[in-house]
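Analysis of the macromolecular model
The chain contents come next:
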Amino acid sequence: MEKIASITDAVKFELPVLPYAYDALEPFIDKMTMEIHHDKHHGMYVTNLNKALQEVKNTPSSIEEIIKNISHYSTAIRNNGGGHFNHSMFWKLMKFNGGGRPAGKLSDAINQEFGSFDNFKSKFNEAATKQFGSGWTWLVVRNGKLEIGTTPNQDNPLMDISEFKGSPILCIDVWEHAYYLKYKNKRVDYINEWWNVVNWDEALNNFVNLKTK
Ligand code: MN
(Lines give C-alpha, C1' and ligand atoms only; values in the text may rest on other atoms or scores of the structure.)
Protein backbone atom coordinates (compact mmCIF):
# COMPACT_ATOMS: atom_id res chain seq x y z
CA MET A 1 0.00 0.00 0.00
CA GLU A 2 1.06 3.58 -0.54
CA LYS A 3 2.12 5.72 2.33
CA ILE A 4 -0.06 8.69 3.07
CA ALA A 5 2.01 11.61 4.28
CA SER A 6 -0.90 13.76 5.37
CA ILE A 7 -4.54 13.01 5.91
CA THR A 8 -5.54 16.64 6.08
CA ASP A 9 -4.13 17.49 2.67
CA ALA A 10 -4.44 15.70 -0.67
CA VAL A 11 -3.02 12.18 -0.78
CA LYS A 12 0.74 12.36 -1.12
CA PHE A 13 2.39 9.51 -2.91
CA GLU A 14 6.06 8.76 -2.38
CA LEU A 15 8.75 7.30 -4.59
CA PRO A 16 9.28 3.76 -3.29
CA VAL A 17 12.84 2.75 -2.45
CA LEU A 18 14.33 0.45 -5.06
CA PRO A 19 14.29 -3.04 -3.45
CA TYR A 20 17.92 -3.68 -4.51
CA ALA A 21 21.09 -1.75 -5.38
CA TYR A 22 21.19 0.28 -8.60
CA ASP A 23 23.81 -2.08 -10.00
CA ALA A 24 22.06 -5.29 -8.88
CA LEU A 25 20.72 -6.03 -12.36
CA GLU A 26 24.09 -5.66 -14.11
CA PRO A 27 25.12 -6.61 -16.70
CA PHE A 28 21.62 -6.96 -18.12
CA ILE A 29 20.34 -3.58 -16.97
CA ASP A 30 23.08 -1.08 -16.22
CA LYS A 31 23.45 1.01 -13.09
CA MET A 32 23.08 4.40 -14.78
CA THR A 33 19.85 3.37 -16.50
CA MET A 34 18.47 2.24 -13.14
CA GLU A 35 19.51 5.47 -11.40
CA ILE A 36 17.94 7.70 -14.02
CA HIS A 37 14.91 5.48 -14.53
CA HIS A 38 14.06 5.16 -10.84
CA ASP A 39 15.18 8.49 -9.39
CA LYS A 40 14.40 10.83 -12.27
CA HIS A 41 11.65 9.24 -14.36
CA HIS A 42 9.67 7.52 -11.62
CA GLY A 43 10.47 10.42 -9.29
CA MET A 44 8.95 12.87 -11.74
CA TYR A 45 5.79 10.78 -12.14
CA VAL A 46 5.32 10.90 -8.36
CA THR A 47 5.95 14.65 -8.15
CA ASN A 48 3.59 15.39 -11.02
CA LEU A 49 0.93 13.00 -9.71
CA ASN A 50 0.91 14.76 -6.35
CA LYS A 51 0.73 18.12 -8.09
CA ALA A 52 -2.18 17.02 -10.27
CA LEU A 53 -4.04 15.54 -7.29
CA GLN A 54 -4.18 18.96 -5.66
CA GLU A 55 -7.01 19.72 -8.08
CA VAL A 56 -9.02 16.70 -6.96
CA LYS A 57 -11.70 17.28 -4.33
CA ASN A 58 -12.41 13.77 -3.11
CA THR A 59 -9.02 12.32 -2.36
CA PRO A 60 -8.75 8.64 -3.29
CA SER A 61 -7.40 6.23 -0.71
CA SER A 62 -4.93 4.37 -2.91
CA ILE A 63 -3.18 4.52 -6.26
CA GLU A 64 -5.03 1.35 -7.30
CA GLU A 65 -8.36 3.07 -6.73
CA ILE A 66 -7.24 5.97 -8.93
CA ILE A 67 -6.06 3.59 -11.67
CA LYS A 68 -9.28 1.56 -11.70
CA ASN A 69 -11.39 4.71 -12.02
CA ILE A 70 -9.00 6.64 -14.24
CA SER A 71 -11.72 7.87 -16.62
CA HIS A 72 -12.83 10.24 -13.83
CA TYR A 73 -9.43 11.92 -13.66
CA SER A 74 -7.33 14.30 -15.75
CA THR A 75 -4.82 13.29 -18.40
CA ALA A 76 -2.02 14.37 -16.05
CA ILE A 77 -3.26 11.93 -13.41
CA ARG A 78 -3.67 9.18 -16.01
CA ASN A 79 -0.09 9.60 -17.25
CA ASN A 80 1.65 10.21 -13.93
CA GLY A 81 -0.55 7.94 -11.82
CA GLY A 82 -0.04 5.20 -14.40
CA GLY A 83 3.68 5.92 -14.38
CA HIS A 84 3.83 5.63 -10.60
CA PHE A 85 1.74 2.46 -10.47
CA ASN A 86 3.48 0.69 -13.36
CA HIS A 87 7.02 1.42 -12.19
CA SER A 88 6.24 0.46 -8.59
CA MET A 89 5.18 -2.92 -9.92
CA PHE A 90 8.04 -3.22 -12.43
CA TRP A 91 10.88 -2.74 -9.88
CA LYS A 92 9.55 -5.59 -7.77
CA LEU A 93 9.30 -7.86 -10.80
CA MET A 94 13.08 -7.80 -11.18
CA LYS A 95 15.82 -8.89 -8.80
CA PHE A 96 19.50 -9.72 -8.35
CA ASN A 97 20.09 -13.28 -9.54
CA GLY A 98 16.69 -13.37 -11.16
CA GLY A 99 15.65 -15.18 -14.29
CA GLY A 100 15.04 -18.86 -14.70
CA ARG A 101 11.48 -20.06 -14.91
CA PRO A 102 8.25 -19.59 -13.00
CA ALA A 103 7.35 -22.16 -10.37
CA GLY A 104 4.21 -23.69 -8.94
CA LYS A 105 0.75 -22.66 -10.06
CA LEU A 106 2.02 -19.95 -12.38
CA SER A 107 4.17 -22.46 -14.23
CA ASP A 108 1.17 -24.77 -14.58
CA ALA A 109 -1.05 -21.97 -15.83
CA ILE A 110 1.54 -20.79 -18.38
CA ASN A 111 1.96 -24.33 -19.71
CA GLN A 112 -1.78 -24.78 -19.89
CA GLU A 113 -2.42 -21.49 -21.69
CA PHE A 114 0.60 -21.28 -23.98
CA GLY A 115 1.66 -24.91 -24.35
CA SER A 116 5.14 -24.33 -22.94
CA PHE A 117 7.26 -21.73 -21.21
CA ASP A 118 9.28 -21.16 -24.38
CA ASN A 119 6.15 -20.56 -26.37
CA PHE A 120 4.89 -18.09 -23.77
CA LYS A 121 8.23 -16.30 -23.85
CA SER A 122 8.29 -15.96 -27.61
CA LYS A 123 4.72 -14.60 -27.65
CA PHE A 124 5.57 -12.12 -24.90
CA ASN A 125 8.75 -11.08 -26.76
CA GLU A 126 6.81 -10.58 -29.95
CA ALA A 127 4.25 -8.34 -28.25
CA ALA A 128 6.98 -6.32 -26.52
CA THR A 129 8.97 -5.92 -29.73
CA LYS A 130 5.96 -4.89 -31.80
CA GLN A 131 4.57 -2.33 -29.33
CA PHE A 132 4.83 0.87 -31.37
CA GLY A 133 6.50 3.70 -29.49
CA SER A 134 6.37 3.98 -25.71
CA GLY A 135 4.41 1.54 -23.61
CA TRP A 136 4.29 -1.68 -21.65
CA THR A 137 3.80 -5.37 -22.32
CA TRP A 138 1.83 -7.42 -19.81
CA LEU A 139 0.95 -10.89 -18.69
CA VAL A 140 -2.47 -10.58 -17.08
CA VAL A 141 -5.29 -12.72 -15.80
CA ARG A 142 -8.61 -12.01 -17.40
CA ASN A 143 -11.71 -14.09 -16.76
CA GLY A 144 -9.52 -16.70 -15.09
CA LYS A 145 -7.17 -17.00 -18.06
CA LEU A 146 -3.65 -15.75 -18.73
CA GLU A 147 -3.31 -13.28 -21.58
CA ILE A 148 -0.49 -11.28 -23.14
CA GLY A 149 -1.05 -7.72 -24.32
CA THR A 150 0.28 -4.19 -24.46
CA THR A 151 -0.71 -0.71 -23.35
CA PRO A 152 0.55 2.61 -24.76
CA ASN A 153 2.28 5.33 -22.73
CA GLN A 154 1.72 4.76 -18.99
CA ASP A 155 -1.65 3.04 -19.31
CA ASN A 156 -2.30 -0.09 -17.25
CA PRO A 157 -4.64 -3.05 -17.90
CA LEU A 158 -6.50 -2.17 -14.68
CA MET A 159 -7.52 1.21 -16.09
CA ASP A 160 -11.19 1.41 -16.94
CA ILE A 161 -10.34 3.12 -20.24
CA SER A 162 -7.71 0.57 -21.31
CA GLU A 163 -8.38 -1.39 -24.51
CA PHE A 164 -6.35 -4.27 -23.08
CA LYS A 165 -7.73 -5.26 -19.67
CA GLY A 166 -6.83 -7.68 -16.91
CA SER A 167 -5.02 -8.08 -13.60
CA PRO A 168 -1.25 -7.71 -14.06
CA ILE A 169 1.06 -10.61 -13.20
CA LEU A 170 4.23 -9.60 -15.08
CA CYS A 171 5.24 -6.53 -17.06
CA ILE A 172 8.09 -5.02 -19.02
CA ASP A 173 8.68 -1.33 -19.65
CA VAL A 174 9.51 -0.81 -23.32
CA TRP A 175 9.90 2.97 -23.19
CA GLU A 176 13.27 3.94 -24.69
CA HIS A 177 14.32 5.37 -21.30
CA ALA A 178 14.27 1.77 -19.98
CA TYR A 179 17.05 0.60 -22.31
CA TYR A 180 18.48 3.25 -24.61
CA LEU A 181 21.71 4.03 -22.71
CA LYS A 182 22.88 0.42 -23.00
CA TYR A 183 20.97 -1.07 -25.90
CA LYS A 184 20.44 2.06 -28.05
CA ASN A 185 17.77 1.28 -30.68
CA LYS A 186 17.95 -2.48 -30.11
CA ARG A 187 14.84 -3.02 -28.04
CA VAL A 188 14.81 -6.69 -28.93
CA ASP A 189 18.21 -7.19 -27.25
CA TYR A 190 16.95 -5.48 -24.08
CA ILE A 191 13.87 -7.69 -24.02
CA ASN A 192 15.93 -10.86 -24.48
CA GLU A 193 18.34 -9.90 -21.67
CA TRP A 194 15.53 -8.75 -19.37
CA TRP A 195 14.47 -12.36 -18.83
CA ASN A 196 17.71 -12.80 -16.84
CA VAL A 197 16.49 -10.44 -14.12
CA VAL A 198 12.82 -11.42 -13.86
CA ASN A 199 11.65 -12.03 -10.30
CA TRP A 200 9.42 -15.06 -10.75
CA ASP A 201 8.64 -15.22 -7.03
CA GLU A 202 6.97 -11.84 -7.30
CA ALA A 203 5.08 -12.84 -10.45
CA LEU A 204 3.88 -15.98 -8.65
CA ASN A 205 2.79 -13.81 -5.70
CA ASN A 206 0.79 -11.60 -8.04
CA PHE A 207 -0.83 -14.69 -9.55
CA VAL A 208 -1.60 -16.51 -6.32
CA ASN A 209 -2.93 -13.38 -4.59
CA LEU A 210 -5.38 -12.91 -7.43
CA LYS A 211 -6.57 -16.48 -7.34
CA THR A 212 -7.35 -16.34 -3.67
CA LYS A 213 -9.09 -12.97 -3.74
MN1 MN B 1 9.90 3.65 -17.41
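Brief notes about the coordination of the manganese ion
All of the protein donors around the manganese ion are His37 (NE2), His87 (NE2), Asp173 (OD) and His177 (NE2); their distances to the metal are 2.0 to 2.1 Å. Taken in sequence order, the residues that donate to the manganese ion follow the motif H-x49-H-x85-D-x3-H. With His87 in helix H3 (residues 75-92) and Asp173 in strand E3 (residues 167-173), this residue pair connects regions lying 86 residues apart in the sequence. The class of His87 is buried, set by a relative accessible area of 0%. Under the relative-accessibility criterion, Asp173 is labelled buried at 0%.

Some remarks on the packing of aromatic side chains
Applying the stated criterion across every chain yields a total of 16 aromatic pairs. An aromatic cluster of three or more residues is present, and its members are Phe114, Phe117, Phe120, Phe124, Trp194, Trp195 and Trp200.

Re a nonpolar patch on the surface
Together, Met32, Ile36 and Leu181 make up a nonpolar patch on the protein surface, roughly 270 Å² of accessible area in all. Within the element layout of this structure, Met32 appears in helix H1 (residues 31-53).

Some remarks on the confidence of the model for the protein
Counting all residues, the mean pLDDT for the protein is 94, and 93% of those residues have values of 70 or more. Under a pLDDT of 50 for its full length, residues 3-8 has, in the predicted model, seven contacts with residues more than four places off or in other chains.

Here we look at the domain arrangement of the protein
Taken as a whole, the protein is organised into domain 1 (29-92) and domain 2 (104-211). Between the C-alpha centres of domain 1 and domain 2 the distance comes to 19 Å. For the domain 1 face of the interface with domain 2, the top three residues by lost area are Asn86, Met89 and Phe90, together amounting to 27%. Applying the counting rule to domain 1 against domain 2 returns one salt bridge. Between Asp155 and Arg78 there is a salt bridge, and its shortest N-O distance comes to 2.8 Å.

Topic: the sheet that holds E3
Taken together, three strands build an open sheet; the order of strands is E2-E1-E3 and the sheet is antiparallel. Every other strand in the sheet has two partners, leaving strand E2 (145-152) and E3 as the edge strands with one partner each. Strand-to-strand twist across the sheet, computed as the mean angle between neighbouring axes with direction ignored, equals 25°. As paired strands, strand E1 (residues 135-142) and E2 are joined by eight bridges and run antiparallel to one another. By the bridge assignment, Arg142 is partnered in E2 with Lys145.

Cut-offs used in this document
Residues numbered from 1 in each chain as written. Predicted model: local features only at pLDDT ≥ 70, side-chain atom pairs only at ≥ 80, totals over all residues. Heavy atoms only, no water. Donors = N, O, S within 2.8 Å, 3.2 Å for Na, K, Ca; no water. Helix = DSSP H or I, 4+ residues; strand = E, 2+ residues; numbered from the N terminus. Buried < 20%, exposed > 50% of the residue type's maximum accessible area, 1.4 Å probe, protein only. Phe/Tyr/Trp six-rings, centres within 6.5 Å; stacked < 30°, edge-to-face > 60°. Patch = residues over 30% accessible without salt bridge, like charges linked within 9 Å, V, L, I, M, F, W, Y side chains within 5 Å. Areas by Shrake-Rupley, 256 points an atom, 1.4 Å probe, with all protein chains shown as cover. Salt bridge = Lys/Arg side-chain N within 4 Å of Asp/Glu carboxyl O. pLDDT = per-residue confidence, 0-100. Contact = heavy atoms within 4.5 Å. Domains from an automatic or database assignment. Buried area = accessible area lost by both parts, 1.4 Å probe. Pairing = 2+ DSSP bridges. Axes fitted to C-alpha atoms, helices over the stretch in contact; angles between N-to-C directions.

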